[in-house]
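Geometric and topological summary
Next come the chains, spelled out residue by residue.
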Amino acid sequence: MTSKTKWKPTLILLAFVFPALLFYSIFVLAPSFGGVWYSLTDWNGLNPDYDMVGLGNYVEALTEDRFFLDSIWFTLKYVVFMVVLSNFFAILLAVFIESQKRSKVWFRTIFFMPNMLSLIIGGFMWMFIFTKVLPFIAEHTIFKFLDQSWIGDPKLSFYALLILSLWSGVGYLMVIYIAALQGVPQQLKEAAAIDGANSWQTFRNITMPMIYPALTIGLFVTLNSSFKVFEAVFALTGGGPGRATQVIALNIYEEAFSQSSRYGYASAKAMILFLIVFMITIVQLWIMKKREVEA
Amino acid sequence: MNKLENASDIQLGRRVGSVLIFLFLLLGAVVMLFPIYMGLLNSVKTQSEMLTNILSFPKELQWGNYPSAFKKIHFFRSLGNTIQIAGVGLIGIIVCASLAGYKLSRTKGKLSASLFALFILSMLIPFHSIMITLVKITKQLSIQGSIYGLGMLYIGLGVSMAIFLYHGFVKSIPRDLDEAAIIDGCSEFKLFYAVIFPLLLPVTATIAILNLLWIWNDFLLPLLMLTNSDHYTLLLSTNMLFGEYSNDWSNILASLILAMLPVVIFYLFLQKYILNGIAEGAIKG
């Protein structure tokens, strides 16, 4: 074989991959490595000169920066609620909708609809509900308890945020679970019914085990997306009142673009977010591998 | 006798259960549609009528909020910008990723495997972790503020997931096809666009839908990139209107309805494909 024919497949491979690699290198790889580098500096975004500060930014973010630490705790709380609630409601909806006959398609269409809309639009719509419609209902009907400062009270704004996120996100998970449910063989359920199993037993012993793989997907989809939550908070509360609902992504955004322009310091925070998401993904891959081996 | 009664009891129980489930779903559906319905309802009232009765049907439909919202969010200009950004992004992602995904899937060896791994790796990186340096890079390339520049950013950010989906799909296309075409004297590139690419249509449709929804509804990247309001997308214009007239709800609601109109129409027409695409994208990705 001459060296020319030996190299040909490699050259063709590179030619096919080149356009994708070009965009990918400039807009993903370069900023990733750049981010790691800047996180070790005191760069302020404007001044071309900057100094290395080692891990100083990381130490400051994790020990002195109250707002950043608060945003991590708040995000964690949000993640726990979202992972549990959104998967619970999504499975419930999927099972209920699949049990219906003629109305099935309609319900699926309606429950998925909010997911099609940007959270910015959804957030403004819910802002209207929370600040105008609910107080009005409280004033004119017996539902007096609705008269709350939903956005202004730190405790309640957390629930307002959850309601918006669930409203928007539950349809997406529901579609995943419906797809999984449709994979459960009909004969299995019929066999169980003949053996005298009631609906709950059928669900518990036949349906649930069949949708476990989808559950793994659903859990990690919500884990990943909830850690990165930004737009829902941006539109509904703006992180307020004060900084009560500030999440990690919003804290990074404000550090870099609206408050101090401490780009180096904000980059360190961005790396911390990356490490959190990275660890979750590693655990996810590990669990999926383990499951595949067992199965 | 006893057995029969039992059987009809069970049947009755099933029916009651089914009705209860239906009612539960109906209630849920009302909650899901409530904000949209409220928005629509109050967008055709005057501000003062809205304040006196937010829940009731308007005495007279006030369409006046719409022309003014239409102007304030520069509807056609914003829509045009959004379409251009999504167009550049979508075409770029499909072209780049189908080329790369196909060849990476067909080629064996270390180089191919490591390139594939390199692309997949970025699915672990949250956008918020790279956005700061990304802004700096776009300034250096002087594409910040440009609509086409933003479209190109979406190519870089979206190409990984698309390569992953193409890579998996290509495995289902028999290799004999490639070999036969090459023996017939087809060039590598012609083989791709004349033989392979048409066969990728199902996965291309999935990729197009997923990426279109992502780019269309993305807010943060345009917020960081577009500095001139002439280039604003629908979402940015709506956000700006909200900032300027935060208490003029009838106008804001009309603009929100306008901004969601394209997506809702798209959804109602292509619902089946969208739901399939979402399920596939999630399960394989």
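Bear in mind the structure is a predicted one, so any value in this text is a computation, not a measurement.

Within chain A, the regular secondary structure consists of 11 helices and 0 strands. Starting at the N terminus and walking to the C terminus, you meet the elements of chain A as α-α-α-α-α-α-α-α-α-α-α. Whereas a compact globule of 295 residues would reach a radius of gyration of roughly 19 Å, chain A reaches 25 Å, over 25% beyond that. Dimensions of chain A along its principal axes, counting C-alpha atoms only, are 75 × 75 × 30 Å. The 295 residues of chain A split such that 39% are buried. Looking at chain A alone, contacts between residues at least 24 apart form 70% of all its contacts between residues at least 6 apart.

Moving on to the overall build of chain B. Along chain B, the regular secondary structure elements total 13 helices and 0 strands. Start at the N end of chain B and walk to the C end: the helices and strands fall as α-α-α-α-α-α-α-α-α-α-α-α-α. In terms of principal-axis extent, the alpha carbons of chain B reach across some 80 × 75 × 35 Å. Restricting to contacts in chain B with at least 6 residues of sequence separation, those with at least 24 account for 80%.

Here we take up the nonpolar core. Ranked by internal contacts, the top residues of the largest apolar core, which has 154 residues, are Met174 and Tyr177 of chain A. When residues in this core are grouped by element, the largest group, 16 residues, is from helix H7 (residues 147-170) of chain B. With sequence-adjacent residues up to four places away left out, Met174 of chain A is seen in contact with Ala90, Leu93, Ala94, Phe111 and Phe112 of chain A.

With that settled, the discussion passes to the environment of Phe197 of chain B. Residue and element names in this part refer to chain B. Turning to its location among the elements, Phe197 is positioned in helix H9 (residues 188-199). Using a count of 16 C-beta atoms within 10 Å as the deciding quantity, one classes Phe197 as partly exposed. C-alpha separation for the pair Phe197 and Leu270, spaced 73 residues apart in sequence, amounts to 23 Å. When neighbours within four sequence positions are excluded, Phe197 is seen to be in contact with Ser98 and Phe192.

Let us now look at the interface of chain A and chain B. Contacts between the two partners involve 69 residues from chain A, matched on the other side by 69 residues from chain B. In terms of residues, the side of chain A that touches chain B owes the most to one element, helix H1 (residues 3-38) of chain A, which gives 19 residues. Looking at the side of chain A that touches chain B, its residues break down into 54 nonpolar, 12 polar and 3 charged.

Okay, helix H8 (residues 199-227) of chain A next. When the terminal C-alpha atoms of H8 of chain A are compared, their 36 Å separation across 29 residues is substantially less than the 42 Å that a helix rising 1.5 Å per residue should span. At Tyr212 of chain A, H8 of chain A shows its maximal bend, which comes to roughly 50 degrees, and the proline Pro213 of chain A appears one to four places after that position.

Before going further, it helps to spend a moment on unusual backbone geometry. Residue and element names in this part refer to chain B. Not every positive phi belongs to a glycine, and His74 is a case in point at roughly 45 degrees. The partly exposed category is assigned to His74, around which 18 C-beta atoms lie within 10 Å. Unlike most non-glycine residues, Ser142 shows phi in positive territory, near 45 degrees. Within the secondary structure, Ser142 is located in the loop between helix H6 (127-140) and H7.

Before going further, it helps to spend a moment on the environment of Trp43 of chain A. Residues and elements named next belong to chain A. Mapped onto the elements of the fold, Trp43 is located in the loop between H1 and helix H2 (56-63). Residues Trp43 and Gly264, spaced 221 residues apart in sequence, show a C-alpha to C-alpha distance of 4.8 Å. Among all residues touching Trp43, those that are not within four sequence positions of it are Tyr38, Tyr50, Tyr263 and Gly264.

About the cut-offs
Residues numbered from 1 in each chain as written. Chains lettered and ligands numbered in written order. Predicted model: local features only at pLDDT ≥ 70, side-chain atom pairs only at ≥ 80, totals over all residues. Helix = DSSP H or I, 4+ residues; strand = E, 2+ residues; numbered from the N terminus. Rg over C-alpha atoms; globule rule 2.2 N^0.38 Å. Buried ≥ 20, exposed ≤ 12 C-beta atoms within 10 Å, placed from the backbone. Contact = placed C-beta atoms within 7 Å. Core = buried A, V, L, I, M, F, W, Y, C linked by C-beta atoms within 7 Å. Nonpolar A, V, L, I, M, F, W, Y, C, P; charged D, E, K, R; others polar. Expected span 1.5 Å × (residues − 1). Bend = angle between axes of the 7 residues up to and from the residue.

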